[in-house]
Amino acid sequence: MKTDFFSEKKYINAYLVCAFLFLLVGLFQSWNVAFSILNLCLISAIMSIGINIQWGNSGIVNFGVMGFAAIGGLCGVLISMPPTLEVWKDGTAVILIILFSFLVSGILIKKFWKIFVHNKYIKILLSIIIILFSLYLIKSIFIPSINFIENTNSVKTGYIGGLNLPIILSWPIAGLFCGVIAFLIGKIALGLRSDYLAIATLGISEIIIYIIKNEEWLARGVKNVNGLPRPVPYEIDLQKNEFIQILSNTLNLSVIELSSLIVKGLYSILFILVLLIIFFLLQKAIKSPWGRMMRALRDNEISAEAMGINVKKRHLQVFIIGSAIIGISGAMLTTLDGQFTPSSYQPLRYTFLIWIMVIIGGSGNNHGAIIGGFAIWFFWIQAEPIGIFLIELITIFLSDQNEMKSYLLNHAAYMRLLLMGLVLILALRFFPKGIIEEEKRL
Amino acid sequence: MEIINAFALIINYIIIPGLTYGCQLALGALGVTIIYTVLRFSNFAHGELMSFGAMTSILITWIISYFGISIFPLPTVILALPISILITISYCLLIDKYCFKYHRKKNSKNVISLIVSIGVMFFTSGLIRVLIGPNDRTINDGERFIISARKFKEITGLTEGISLKLSQSITIIVSIIAVVLLFWFLNKTKTGKSMRAYSDNKDLALLSGIKTENVIFYTWLITGTLACIAGTLYGLDKSYKPFTYLQLVLPIFAAAIVGGIGNPVGAIIGGFVISFSELLITFSYNKFLSYLIPINFLPEGSLQLLSTDYKIAISFIILVLVLILRPTGIYKGKLL
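Residues numbered from 1 in each chain as written. Chains lettered and ligands numbered in written order. Predicted model: local features only at pLDDT ≥ 70, side-chain atom pairs only at ≥ 80, totals over all residues.

## Describing the overall build of chain A
Next, step 1: Along chain A, the regular secondary structure elements total 18 helices and zero strands.
Next, step 2: In chain A, which comprises 442 residues, the share counted as buried stands at 40%.
Next, step 3: Looking at chain A alone, contacts between residues at least 24 apart form 82% of all its contacts between residues at least 6 apart. (Helix = DSSP H or I, 4+ residues; strand = E, 2+ residues; numbered from the N terminus. Buried ≥ 20, exposed ≤ 12 C-beta atoms within 10 Å, placed from the backbone. Contact = placed C-beta atoms within 7 Å.)

Printed below as a string of C-alpha cells:
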C-alpha cells in the first residue's frame, strides 16, 4: 500500500516550487512576511481540503465555508476566554435552560404531532400558538436577561465569556460543533441539487454571520473579542529569555525580530501537524472502499443508488466531515489572529476564494487542494505588487505626473480581485483539472 | 382622522420604500431568471453586472456634466442611462464570448458555469474598484423631493407626513416601462417567442430552425439592459457603493426563487414579497397602533417582530425556507 506521503514522488515538484517561493519571499522581502504568509497558507490549505472532500470527491456544492469558519472561530472564543462570573450567577443560566427546554419541547411536539394530530389545520393552529408563546417567552425572559448580560461591564466583557480552557482544545471541539451544525443543515438542505444547494448554503452562512454579529451576549458581536490566550509563548516573554538573547547575537538578528519569528514558527509547526493529521486520515479514507463508493456516487448517482448505496446518508456523512474540517481551520484562524472579528467574515474572502483554491489546485486530489491553498493565498497576498507592476507596464508611455497613472496606481490593491477572477476563468477553460490532476484509479 | 394618520404612517414607512426596493429587486431577479431559463445556470455575477451598469452611468454622467448639460429637476443620470445600457450590453456579450460560450459548446455541467460566473464576479468587482474606487458616491444631482413630509403636513393638516423622493418615483416609473417593454418583447415579437420556445425545449427549438446564437445574443441584451437599469436605479435611490451590490446578489436570488425561478412574473412578485416582508417584519408597530386603539390598551415594549439589524437577513431566511419547503416557488418554476 502506497499511502506514504513522501513516496508519492510525482507531487514533490509542486511542493518544492512552493518552498522555493517562500524562500524568495524570505530572502527578498523578509522572513517575518514569509512566515505569516505560510501560516495563512496552511489554514487555507486545510479549508480547501474540507471543500475538496465535499466537491472533489463527492460532488456536493457547499458555499457555506464562511459560516463554518465563523462557528469555528466562535468556538475558539467560547472555549478559551475566562468566564464572565457576574453573569453566570443568574443571567445566563436562565437563558441556557430556556434554550435547552426549547429544543427539547420542539422535538417532543414534533413527535407528538405525528402520533395524535392528523388534521392539517389543527397543525397550523398549534404551530401559531407555539410561535406566539415563544414570542411571549422571548419578550418576558430572554430580552431582560440578554440586556443584563450585555450591560454587565459592557466595555470589557458584556458577554457570557468562555470556559477558560487552553485554546488548542477549541480546535477539535470546533470540529465537533461544526459537525453537529452541518448535520442540521445537511438534514434540511442536502436534498437540493447543485445550484440550489449552493445558494441555500450561501444563505445559511450569511444568516449565521448575522446572528453572530447581532447577538452580542454570545461573543460581543461587532465589538469583537480581543486578546485570546495563545498556545505559544508571547514575544515579550521570549525577549527576556537569556538563550534567545544569545541566539540573536550569534544569528545577527534583533531580539524583537527573532522572537516574533520564533512565535510564528511555532504556529507553523502546530498548523503543519494538524494539516498532516487531517491529510493522512483523509488519504486513508479516500483509498478505502468508502472513498471508492463516494467517487462512484459523484460520477453517477443513479447507478450508485441502483447498486444499493444510500445516497442521502453518504452525502450527509461527507458534508459533516468536510464542514468539521473547515470548522477546525476556522478555530485555528482565530487562534492565529488572537481575536474574533465577526465583521471580517465576507463571502468573497472566505467562501469564493477557498473555492478558487480547490478548482485551481485540482479538485478530487488532496495534494491539489493543499497546493491550491498555498498558491492562491500566496497570489492573493502578492497580487498587489503584481498589480502595481502590471499597471506600470500598461502605462509605460505615460509620465509619472500623469493623473490617470497615479489614479490607477492608487487603486492597484483591487487588482487582486481582477487577477483572481481572470485566473479562475482561464483555469476552467484551459486546465480544468487543476495544477494536480485527480489520480486515475482502476 | 386617526385612521388616516395610521394609513399615512404605513404609506410613508412601508408602501413607498417597499415599492421602490421591490422594483429594484424585481428588475435584478428578472435578469437572473432569464439567464437561468435560457442558459441554465445561476449567474452569481449579476450583482456585479448591476454595479458595472451603475458605474458606467456615473462615468458618463461626469462626462455629460463636464459639458454643462443638465436636465434639472431630473437627475442627469437619466440622460446617461441609454449610453451606459449599451456599454453594459457589450460588456455582457464580451463576457459571454470569452467565458461562458466555451463551456456551453462543451456541454459542461451547469455547476461549472456557476463557478465561471463567480470568476466573472471577481473580475468585474476588481475592474469596478480599479476604475472608480471603493468609495461612496452620490449620483442624484436633481431635486430631492417631489413632496417632503413637512410640506405634506402643511397641506393636509395631518400629524403624519408622507414624503415622496424624486428618485423613488423615477425608480417606479422606469421599472414599469422596462417591465412592460420586456413582456411585450417576450410575448409579441418573433424573437421573444423563439426565446421562450428555446427555454421550454432546447432540442425542439433547434429542430424548428431557431438559431442558438441569436437567442443567446438577445438573452444577454435583455440581461445587460435590466442589470444596468436596476443598478443605476439602486445607486440613484441609495448611493453608489460597489460593496453593497455584492450583498444584493442573495436578495435577488431570493426574489427569483421565491417567485419560481424561470418565471418572469414570479420574479416580479418575488421582488415585492422580499422587499415588503423585510419592511413589515422589522417595522415597529407601536405608533401605528397608537392611532387605532386607545393608549390604555397598548402593550408595553416595542412591537417589533425582529430588530432592524436583521433586515437583510430576512431575505436569506425567506430564501432558505422557500428552498426547503417549496423549491418551485410561488409560481411553479423549473426545479433545478
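## Structural notes on the overall build of chain B
Next, step 1: Across its full length, chain B carries 13 helices and two strands.
Next, step 2: The globule rule puts the C-alpha radius of gyration for 336 residues at 20 Å, and the 21 Å found for chain B is close to it.
Next, step 3: Expressed as a percentage of the 336 residues in chain B, the buried residues total 45%.
Next, step 4: Taking all contacts inside chain B whose residues are at least 6 apart in sequence as the whole, residues at least 24 apart take part in 76%. (Rg over C-alpha atoms; globule rule 2.2 N^0.38 Å.)

## Regarding the domain arrangement of chain A
All names here are of chain A.
Next, step 1: Split by domain assignment, chain A resolves into domain 1 (9-83 + 163-430) and domain 2 (85-160).
Next, step 2: Put simply, the middle of domain 1 and the middle of domain 2, counted by C-alpha atoms, are 35 Å apart.
Next, step 3: With six residues of domain 1 at the interface, the matching set in domain 2 holds eight residues. (Domains from an automatic or database assignment.)

## Things to note about unusual backbone geometry
Next, step 1: For A:Asn164, which is not glycine, the phi dihedral falls at a positive 60 degrees.
Next, step 2: Examined against the element boundaries, A:Asn164 turns out to sit in the loop between α5 (120-151) and α6 (170-189).

## Focus on the environment of B:Ile147
All names here are of chain B.
Next, step 1: Relative to the elements of secondary structure, Ile 147 occurs in strand β1 (residues 145-147).
Next, step 2: The class of Ile 147 is partly exposed, set by 15 C-beta atoms lying within 10 Å.
Next, step 3: For the pair Ile 147 and Leu 166, spaced 19 residues apart in the sequence, the C-alpha separation amounts to 8.4 Å.
Next, step 4: Ignoring anything within four residues of it in the chain, the contact list for Ile 147 reads Phe 152, Ser 163 and Leu 164.

## Quick word on the interface of chain A and chain B
Next, step 1: At the interface, 36 residues of chain A touch 36 residues of chain B.
Next, step 2: Breaking the side of chain A that touches chain B down by element, the ones donating at least two residues are α6, α7 (194-214), α15 (347-361) and α18 (415-430) of chain A.
Next, step 3: Residue composition of the side of chain A that touches chain B, grouped by class: 26 nonpolar, five polar and five charged. (Nonpolar A, V, L, I, M, F, W, Y, C, P; charged D, E, K, R; others polar.)

## Section: helix α13 (residues 311-325) of chain B
Next, step 1: If you check α13(B), its first and last C-alpha atoms are 22 Å apart, about what 15 residues at 1.5 Å a residue would give, namely 21 Å.
Next, step 2: Taken as a whole, α13(B) has its buried residues at B:Ala313, B:Ile314, B:Ser315, B:Phe316, B:Ile318, B:Leu319, B:Val320, B:Val322 and B:Leu323.
Next, step 3: On its buried face, α13(B) is in contact with α7 of chain A together with α10 (242-259) and α11 (264-282) of chain B. (Expected span 1.5 Å × (residues − 1).)

## A short note on the packing of helix α2 (residues 46-66) of chain B against helix α3 (residues 77-105) of chain B
Residue and element names in this part refer to chain B.
Next, step 1: The geometry of α2 relative to α3 is characterised by a closest axis approach of 8 Å and an angle of 135 degrees between their N-to-C directions. Judged by the angle between their axes, α2 and α3 are oblique. The hand of the α2/α3 crossing is right-handed. Within the contact between the two elements, α2 uses Leu 49, Phe 52, Gly 53, Thr 56, Ser 57, Ile 60, Thr 61 and Ile 64 and α3 uses Val 77, Leu 79, Ala 80, Leu 81, Ile 83, Ser 84, Ile 87, Thr 88, Tyr 91 and Cys 92.
Next, step 2: Residues belonging to the contact of α2 with α3 are distributed by class as follows: 12 nonpolar, six polar and no charged. (Axes fitted to C-alpha atoms, helices over the stretch in contact; angles between N-to-C directions. Parallel < 35°, antiparallel > 145°, perpendicular 65-115°, else oblique. Left-handed = near helix turned anticlockwise from the far one by under 90°.)

## Considering helix α11 (residues 255-287) of chain A
Next, step 1: Its 33 residues place the ends of α11(A) 47 Å apart at the C-alpha level, agreeing with the 48 Å of an ideal helix rising 1.5 Å per residue.
Next, step 2: Residues of α11(A) that are buried include every one of A:Leu258, A:Ser259, A:Lys264, A:Tyr267, A:Phe271, A:Leu275, A:Ile278, A:Leu282 and A:Ile286, and no others.

## As for the packing of helix α3 (residues 65-80) of chain A against α6(A)
Residue and element names in this part refer to chain A.
Next, step 1: Closest axis-to-axis distance for the α3/α6 pair is 9 Å, and the angle between their directions is 130 degrees. Viewed along their axes, α3 and α6 adopt a mutual orientation that is oblique. Pair α3 / α6 crosses with right-handed handedness. For the pair α3 and α6, contact is made by Phe 68, Ile 71, Gly 72, Cys 75, Gly 76, Ile 79 and Ser 80 and by Ser 170, Ile 173, Ala 174, Phe 177, Cys 178 and Ile 181, respectively.
Next, step 2: Looking at the contact of α3 with α6, its residues break down into nine nonpolar, four polar and no charged.

## Some remarks on the environment of B:Gly231
Residue and element names in this part refer to chain B.
Next, step 1: With respect to the secondary-structure elements, Gly 231 resides in helix α9 (residues 212-237).
Next, step 2: Separated by 130 residues in sequence, Gly 231 and Lys 101 place their C-alpha atoms 25 Å apart.
Next, step 3: In contact with Gly 231, other than residues within four places in its own chain, are Met 50, Ser 51, Gly 53, Ala 54 and Tyr 245.

## A short note on the confidence of the model for chain B
Next, step 1: On average, residues of chain B score 88 in pLDDT, and 98% of them are at 70 or above.
Next, step 2: Among the prediction metrics, the complex's ipTM stands at 0.90, with pTM recorded as 0.90. (pLDDT = per-residue confidence, 0-100.)

## What about the environment of A:Trp55?
All names here are of chain A.
Next, step 1: Turning to its location among the elements, Trp 55 is positioned in helix α2 (residues 31-58).
Next, step 2: A C-alpha to C-alpha distance of 20 Å links Trp 55 and Glu 206, two positions 151 residues apart in sequence.
Next, step 3: Among residues more than four places away in sequence, those in contact with Trp 55 are Ile 60, Val 61, Val 358 and Ser 363.

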